[in-house]
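Spelled out from the first residue to the last, the chains are:
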Amino acid sequence: MVNKIITIVLLCIMSVAPAVAQHSGKSARMRAELQEFKIKYLIQEIDLPADKQADFTKIYTQFDHDRESLFDDMGTRFKAFKNKEGHSDAEYSGMAEAMAVFKYREGDLEKSCFQQLKTLLTPKQLYLLKHAEHKFHRKIMDMQRKGKKSKAKARKK
């Protein structure tokens, strides 16, 4: 029952995402709401006791913020590279290395978060957390796909 409620709330949030994304202030608010919802979802999925939820939220929010900054930085660098033409071999090599280093940096963030959560969560909760993250991302992707299909159908009419 709770999973159905979460799915409905998530559908509602995701259905208004494209409209909200048009305005940067609303986009930031939407991102914050989705982040809050994600954390509540993860807490529910790993069955985290109330006395540990604040610490979990603090650690996971910082991790998500750091990861988002990393993705934004790499995205900016990649777009700038892509928009420029006539790259030298050295520039291609530099971008390829930056892409590889990006994965290491992302792994370092994951490892740091894991080390912090290891002191807070049980081994079973750590295990369930990875599955819950994957499940959450799949639901988001499914909803986005469904949203695109319904928009395409509406345009054909």
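Caption draft 1: A look at the packing of aromatic side chains. Tallying each qualifying case throughout the model produces 6 aromatic pairs. With 6.3 Å between their ring centres and 40° between their planes, F37 and F136 make a pair best called tilted. One end of the pair, F37, is in helix α2 (residues 24-45); the other, F136, is in helix α5 (residues 123-156), and 99 residues separate them in sequence. Judged by its relative accessible area of 3%, F136 is buried. Seen from their ring centres, F71 and F102 are 5.1 Å apart, and the 90° between their planes marks the pair as edge-to-face. Remark: F102 occurs in helix α4 (residues 89-118) and F71 occurs in helix α3 (residues 50-83); sequence separation between them is 31 residues. Ring pairs connect the aromatic residues F37, Y41 and F136, which therefore count as one cluster.

Caption draft 2: Spotlight on the pattern of salt bridges. Under the definition given, this model contains 12 salt bridges. Among the ionic pairs, R67 bridges to E110, the shortest N-O distance being 4.0 Å. Residue R67 is found in helix α3, and its partner E110 is found in helix α4; the two are separated by 43 residues along the sequence. Looking at R67, the relative accessible area reads 14%, which means it is buried. D142 serves as the salt-bridge partner of R145, at 2.9 Å between the closest nitrogen and oxygen. Note that R145 and D142 are positioned in helix α5 at a spacing of 3 residues, about one turn of the helix. Residue R145 is classed as partly exposed on the basis of its relative accessible area of 42%.

Caption draft 3: Up close: the nonpolar core. If you look at the biggest cluster of nonpolar residues, it comprises 21 residues, and the most contacted ones within it are L42, F56, L117, L121 and L129. Mapped by element, the contributors of at least two residues to this core are α2, α3, α4 and α5. Top element by residues in this core is α5. It accounts for 6 residues. With residues up to four places along the chain from it excluded, the contact list for L129 reads L42, I46, F56, L117 and L121.

Caption draft 4: Here's a closer look at the environment of T57. Position of T57 relative to the elements: it lies in helix α3. The class of T57 is partly exposed, set by a relative accessible area of 28%. Taking the C-alpha atoms as reference points, T57 and E36, 21 residues apart in sequence, are found 8.8 Å from one another. Contacts of T57, omitting those with residues within four sequence positions, involve I39 and I43. Polar side-chain contacts of T57 include one of 2.8 Å to the backbone oxygen of Q53.

How each quantity is defined
- Residues numbered from 1 in each chain as written.
- Predicted model: local features only at pLDDT ≥ 70, side-chain atom pairs only at ≥ 80, totals over all residues.
- Heavy atoms only, no water.
- Phe/Tyr/Trp six-rings, centres within 6.5 Å; stacked < 30°, edge-to-face > 60°.
- Helix = DSSP H or I, 4+ residues; strand = E, 2+ residues; numbered from the N terminus.
- Buried < 20%, exposed > 50% of the residue type's maximum accessible area, 1.4 Å probe, protein only.
- Salt bridge = Lys/Arg side-chain N within 4 Å of Asp/Glu carboxyl O.
- Core = buried A, V, L, I, M, F, W, Y, C linked by side-chain atoms within 4.5 Å.
- Contact = heavy atoms within 4.5 Å.
- Polar contact = N/O pair within 3.5 Å; in protein donor to acceptor, adjacent residues only side chain to side chain.

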